[in-house]
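Here is what each chain is made of, one letter per residue.
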Amino acid sequence: MSICHAARPRIGREGFLHLPGYLDASRQSTLLGQIRDVLAASPLYVPTMPRTGKPFSVRMSNCGPLGWVSDQAGGYRYQAEHPLTGKPWPSMPELLLEVWRQVADYPLPPEACLINYYAPGAKMGSHRDADEEDARAPVVSVSLGDDAAFHIGGLVRAGPKERIVLRSGDVVVLGGAARMAYHGIDRVHPGTSPLLAEGGRINLTLRRVRALGAER
Ligand code: SIN
Ligand code: FE2
């Protein structure tokens, strides 16, 4: 797999990269099969907001040494076990590690892969990925399934936003100045991809959690 050099950043945010069609159809199917295996061992669950306990509209799981979880009692955090099964997260598919090596420009592999499943109607409010110790590592995300309306803003929630459509196989990198930018998913467009038989969208978010030198 090679980096698509034709795909330069579509918008001028330093450190933000949108690589449309980074994974071809065959790689998307391979990756989807591997993610289904992960989910068979580590099922999707409904996370809840810190304090209010309000459920997220996406369902989540993880793979890799650490997983991002949220619930009313414990808030946002990384942990090594699934919050419901108590089992360690399954290992990260090699294909994802390969994508990270190609686009992340970071010397260590990702420690966490958050799996978000957007059923029709699910969305994700504007937020920053701020629970990681090392903000020098980028966040790399891979989209599978239906098209999604993605927005990216700046360092304040109320600032101006740009909107792009993320399609199946697209890769996004939030690095540099964009690493702490607000972003979210306004909606998923049903029936726009044949990849997921059940419909909807899967987003895989790769992150480094611990600072360089603090890894176990
Ligand atoms: C996220 O920010 O955690 C998910 C973004 C996406 O679904 O593309
Ligand atoms: Fe995010």
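Refer to the structure printed above.
Residues numbered from 1 in each chain as written. Chains lettered and ligands numbered in written order. Predicted model: local features only at pLDDT ≥ 70, side-chain atom pairs only at ≥ 80, totals over all residues. Heavy atoms only, no water.

Draft legend 1. A look at the site of ligand 1. Every residue near ligand 1 is listed here: Asn116, Tyr118, Met124, His127, Leu166, His183, Ile185, Arg201 and Asn203. At 3.0 Å from an oxygen atom of ligand 1 is found a side-chain nitrogen or oxygen belonging to His183. Measuring from an oxygen atom of ligand 1, one finds a side-chain N or O atom of Arg201 at 2.8 Å. Protein contact buries 96% of the 260 Å² of open area that ligand 1 shows by itself. Residue assignment for the shell around ligand 1 shows that the elements contributing at least two residues are strand S5 (112-118), strand S6 (124-127), strand S11 (183-188) and strand S12 (201-207). Looking at the shell around ligand 1 residue by residue, the class counts come to 4 nonpolar, 4 polar and 1 charged. (Near = heavy atom within 4 Å. Polar contact = N/O pair within 3.5 Å; in protein donor to acceptor, adjacent residues only side chain to side chain. Areas by Shrake-Rupley, 256 points an atom, 1.4 Å probe, with all protein chains shown as cover. Helix = DSSP H or I, 4+ residues; strand = E, 2+ residues; numbered from the N terminus. Nonpolar A, V, L, I, M, F, W, Y, C, P; charged D, E, K, R; others polar.)

Draft legend 2. Geometry of helix H1 (residues 25-41). With 17 residues, H1 ought to run about 24 Å at 1.5 Å a step, and its terminal C-alpha atoms sit 25 Å apart, in line with that. Along H1, the residues classified as buried are Gln28, Leu31, Leu32, Ile35, Val38 and Leu39. Projected down its long axis, H1 shows its buried positions confined to an angular sector of 115°, all on one face. In H1, the exposed positions angled more than 90 degrees off the buried face are occupied by Asp37 and Ala40. Against strand S2 (59-63), helix H2 (94-103), S5, strand S7 (139-145) and S12 lie the buried residues of H1. (Expected span 1.5 Å × (residues − 1). Buried < 20%, exposed > 50% of the residue type's maximum accessible area, 1.4 Å probe, protein only. Arc of directions from axis to C-beta. Contact = heavy atoms within 4.5 Å.)

Draft legend 3. The coordination of the iron ion (ligand 2), seen in detail. Within the protein, the iron ion (ligand 2) binds to His127 (NE2), Asp129 (OD) and His183 (NE2); these donor distances fall in the range 2.2 to 2.3 Å. Taken together, the 4 donor atoms coordinating the iron ion (ligand 2) and their angles of 88 to 175° define a geometry best described as irregular. Between consecutive donors of the iron ion (ligand 2), the numbers of intervening residues give the motif H-x1-D-x53-H. Here Asp129, found in the loop between S6 and S7, pairs with His183, found in strand S11; they are 54 residues apart in sequence, far enough to count as distant. (Donors = N, O, S within 2.8 Å, 3.2 Å for Na, K, Ca; no water. Tetrahedral: all angles 85-135°; square planar, octahedral: opposite > 155°, others 65-115°.)

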